[in-house]
Amino acid sequence: MRALTLARWLMPGLLSRYRVPTAIAIIGMAVFGTTSTLLGANASHTATDRYGLGSEALRAINVTSYGRDDDPSPVTAGALDELAALTHVESAHAWASTEIVLTVPDDAISLSLVTRISAVQPAPTRGAEPTRNGILLPESLRTEHGFDVGDTVTIEYIRSEDGNGGVGVETEIPVDGFFDDTTVGLDGPGVAYGAPDAVLTLLGASRGHSLDWMHDNFVFTMGYLVVDDLEHIQDVADVLLERGYGATALTTLTSSLPAAQQLMDAVAVVLSILLGLFLVVTAAGIASSVVSARAAEVGVLRALGWRRHEVLVCFVAQFAAFGTLIGAIGVAAVGSLLAVVSLLPPGVRVLGVALDPRLDLNGWLTLLVLTLAPVIVFVLASAIPVLRLARIAPDEVLRDIRR
Amino acid sequence: MIDLRGVTKRYRTQGRTVVALPPTDLDAAAGEVVWIAGASGSGKSTLLGIAGLLVAPDGGEVRIGGERVEVGSRRIRIGFAPQSPHLLGELSAVRNVRLAHERTSTAKAEDALYAVGLADAMHIAARRLSGGQQQRVSLARAIVEQPSVLIADEPSSGLDDESALRVFAVIRSIADRGSAVCVASHDARVRPFCDRMIALTSARPE
Ligand SMILES: Nc1ncnc2c1ncn2[C@@H]1O[C@H](COP(=O)(O)OP(=O)(O)O)[C@@H](O)[C@H]1O
Ligand SMILES: [Mg+2]
């Protein structure tokens, strides 16, 4: 069809004549797409960002036993496994603690070795989460005593001797990392963290039990459940209470969180309106200048026998292709920016926004909208000028002569 | 071939009626070049617009090949070369000529450009061509589909002698190949190329 052929012929000239607004539109798309994807990942309830609105800590419920001898619902490992299987529960963790003494030159420091449940505990400031028998120590010990990741430290724990109370046993364990203890966490001051089975082994030893026995019979003081979404905390807590557990949600912020999320959503909406307006103004501006530049030529085409719909198809196709190009390059730019951002070390934040792109469903939807929006905007915003072009009558070619 | 009887056109502008064309007769047989002469504003373009089926006359009738025809009719092939060529500047001469008709192929367009003496300029962007070359591309666009009637409006405007004579020669050769040709011009250089002349007198307010 000659209308599409002519559109194809005219495209390169159109692009090169309007390359500046085109470049600005693409940059706008790239910036908007990247920020809104990052904001979206931050705001998402299900995001597992450590500090953000989706953090596990805010979605955790503290589960306790009543602690009576006839406790109907003791928090055992088996009971936690059952709770982990409840709908909306992402994970369940048993919490235990045992006393150890850390030997340092000329001194000994008492510490509570607590089960590492990273969801509700401070993140490692250096090193990594404790492995099978390693521990995480407070930063203050590192600065005071010069420990470092990979060091081996000597600790003493109590081992029960049948009926005779206990004896202190020294052992060497690796230091896997450190955590920030400048503020006291849920576990109180003077704690170190160990992997669950490591803590349970030492705790069992002090009471004369094997690890297997502990798994089968030990009643934990408490545990934590991480719920998949803030909205489900109340539901899960209700089930826990019904089953005879004590249940306390760690966050009392549930009412203010949606407000914070709405703010982020509002920012994204404002950004998208600005981008949309920019695209509309760009497309309409280009279209109306094309119309005045092309009016005489279109008059000739009409005099040559081109039909209105052919002129219409020719110019709509050009603007659709223009929008498609901006959408495709814009989304490719977003993709590349996100790829670069994901190469950054984790935990980097800009203006409080974690640079942690996660393409969830919303992220993909944003990209889809970004691809299609310029096409639709360009076609619609150019519609009026293009219709004006198509309405040019063949005798315009005579009228023009007198000018 | 083409026969206009008593065609007339009035325009109303700003409350005044202007007679753009008083009742006028025009006819051109196949192989004939008819020169429509007259001062600027005498109605030459209006008459050509009517002959080219672009403008509906207020009175009179248009016959082509003996048959009455109306504005927009496409049964008869009419080649129209407007006063300003209005080529698509970034497209080559060949592509501009190809826009003449759906079935205009590159080969045909090249033949037409060859006929108007533009063999060397076929693939040059139209905006790089001189005024005379652009007029000839416009002519090539008008003749590429072998029209029964060729209409050329001021084809020599703004051209130097050499270019003007070349354009007129091309127009003559098209008539010689069997087209009926109407050329509007206030340029007397066209006289030797024409078979007949029709003179329009200036339009005046009614
Ligand atoms: N579309 C129009 N609207 C109003 N007046 C017109 C229009 N077309 C032509 N005229 C008037 O009709 C007269 C003849 O115009 P035209 O046919 O262009 O003459 P020429 O081609 O001989 O210069 C002029 O006075 C012109 O102003
Ligand atoms: Mg004129």
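Note on numbering: residues in each chain are counted from 1, in written sequence order. Chain letters and ligand numbers both follow the written order, the letters beginning at A and the numbers at 1. The predicted nature of this model means local features are confined to residues of pLDDT at least 70 and side-chain atom pairs, given and counted, to a pLDDT of 80 or more, with totals for whole chains, interfaces and linings taken over all residues. In computing side-chain properties, one takes all heavy atoms of the structure into account and sets aside hydrogens as well as water.

Caption draft 1: Just the overall build of chain A, in detail. Under the scheme used here, helices are H or I runs from DSSP no shorter than 4 residues and strands are E runs no shorter than 2 residues, and both carry numbers assigned from the N terminus. Across its full length, chain A carries twelve helices and 13 strands. A burial count over chain A gives 46% of its 403 residues as buried. By definition in these notes, contact holds between two residues if any of their heavy atoms fall within 4.5 Å. In chain A, once contacts between residues fewer than 6 apart in sequence are set aside, the share between residues at least 24 apart is 75%. Here, Shrake-Rupley sampling with a 1.4 Å probe gives the accessible areas, and only protein chains in the shown set may cover a residue. Accessible surface computed for chain A: about 19400 Å², of which carbon and sulfur atoms make up 61%. Each residue gets one of three labels from its accessible area relative to the maximum for its type: buried under 20%, exposed over 50%, partly exposed in between, using a 1.4 Å probe on protein chains only.

Caption draft 2: Up close: the confidence of the model for chain B. Residues with a pLDDT of 70 or more make up 98% of chain B, whose mean pLDDT is 90. Model confidence for the complex: the whole-complex pTM is 0.68, and ipTM, which rates the interface, is 0.89. Each residue carries a pLDDT score, the predictor's confidence in it, ranging from 0 to 100.

Caption draft 3: The arrangement of the sheet that holds strand β2 (residues 16–28) of chain B in detail. All names here are of chain B. The strand order β2-β1-β4-β5 describes an open sheet built from four strands, whose pairing is antiparallel. Whereas interior strands pair on both sides, the edge strands pair on one side only; in this sheet they are β2 and β5 (67–68). Any two strands between which DSSP finds at least two bridges are classified as paired. By the bridge criterion, five bridges tie strand β1 (residues 2–13) to strand β4 (residues 59–64) in an arrangement that is antiparallel. Paired with aspartate 3 across the strands is arginine 63, a residue of β4. Axis definition: a line fitted to C-alpha atoms, over the contacting stretch in the case of helices. Angles run 0 to 180 degrees between N-to-C directions. This element, helix α1 (residues 44–51), spans β1, β2 and β4 of the sheet and lies at about 125 degrees to β1.

Caption draft 4: Structural context of unusual backbone geometry. Although it is not a glycine, A:His88 sits at a positive phi angle of roughly 75 degrees. Within the element layout of this structure, A:His88 appears in the loop between α3 (77–84) and β2 (89–95). A positive phi angle, near 45 degrees, is found at B:Glu154, a position not held by glycine.

Caption draft 5: Seen up close, the site of ligand 1. A cutoff of 4 Å decides nearness: a residue is near a molecule or strand if any of its heavy atoms lies inside that distance of it. Taken together, 13 residues lie around ligand 1, and B:Ala20, B:Gly41, B:Lys44, B:Ser45 and B:Thr46 are the ones closest in. Near ligand 1, the surrounding residues are drawn from chains A and B. Polar contact is the term for a pair of N or O atoms within 3.5 Å; when the atoms are in protein, one must be able to donate a hydrogen and the other to accept it, and sequence-neighboring residues count only if both atoms are side-chain atoms. In the model, an oxygen atom of ligand 1 is placed 2.7 Å from a nitrogen or oxygen of the B:Gly41 main chain. Computed on the free molecule, ligand 1 has an accessible area of 560 Å², of which 81% lies beneath the protein chains in the complex.

Caption draft 6: Region of interest: the interface of chain A and chain B. The interface of chain A with chain B comprises 24 residues on the first partner and 23 residues on the second. Two parts placed together each lose some accessible area under a 1.4 Å probe, and adding up what both lose gives the buried area. Of the roughly 2200 Å² buried between chain A and chain B on both sides combined, carbon and sulfur atoms contribute 63%. Inspection of the region where chain A meets chain B yields four residue pairs in polar contact (both at pLDDT 80 or more). Those elements giving two or more residues to the side of chain A that touches chain B turn out to be α1 (2–17), α8 (256–303) and α12 (396–399) of chain A. Amino acids outside the nonpolar list (Ala, Val, Leu, Ile, Met, Phe, Trp, Tyr, Cys, Pro) and the charged list (Asp, Glu, Lys, Arg) are all regarded as polar, and Gly is one of them. When its residues are assigned to classes, the side of chain A that touches chain B shows 14 nonpolar, two polar and eight charged.

Caption draft 7: Quick peek at the side chain of A:Ser73. All names here are of chain A. Secondary-structure assignment places serine 73 in the loop between β1 (60–64) and α3. Taking relative accessible area as the criterion, serine 73 reaches 7% and is therefore assigned buried. A polar contact of 2.4 Å, which involves the side chain of serine 73, links it to the backbone oxygen of arginine 243. Not counting residues within four places of it along the chain, the set of residues in contact with serine 73 comprises Ser65, Arg243, Gly244 and Tyr245.

Caption draft 8: View of the pattern of salt bridges. By salt bridge we mean one thing: a side-chain nitrogen of Lys or Arg within 4 Å of a carboxyl oxygen of Asp or Glu. Inspection of every chain in the model, using the stated rule, returns 24 salt bridges over all chains. Between A:Arg294 and A:Glu297 there is a salt bridge whose closest N-O contact spans 3.4 Å. Taken together, the residues span about one helical turn, with A:Arg294 and A:Glu297 both in helix α8 at a distance of three residues. Look at A:Glu297 and you get buried, because its relative accessible area is 12%. Between B:Glu61 and B:Arg68 there is a salt bridge whose closest N-O contact spans 3.2 Å. Within the structure, one salt-bridge network assembled from shared partners comprises A:Arg17, A:Arg294, A:Glu297 and B:Glu90.

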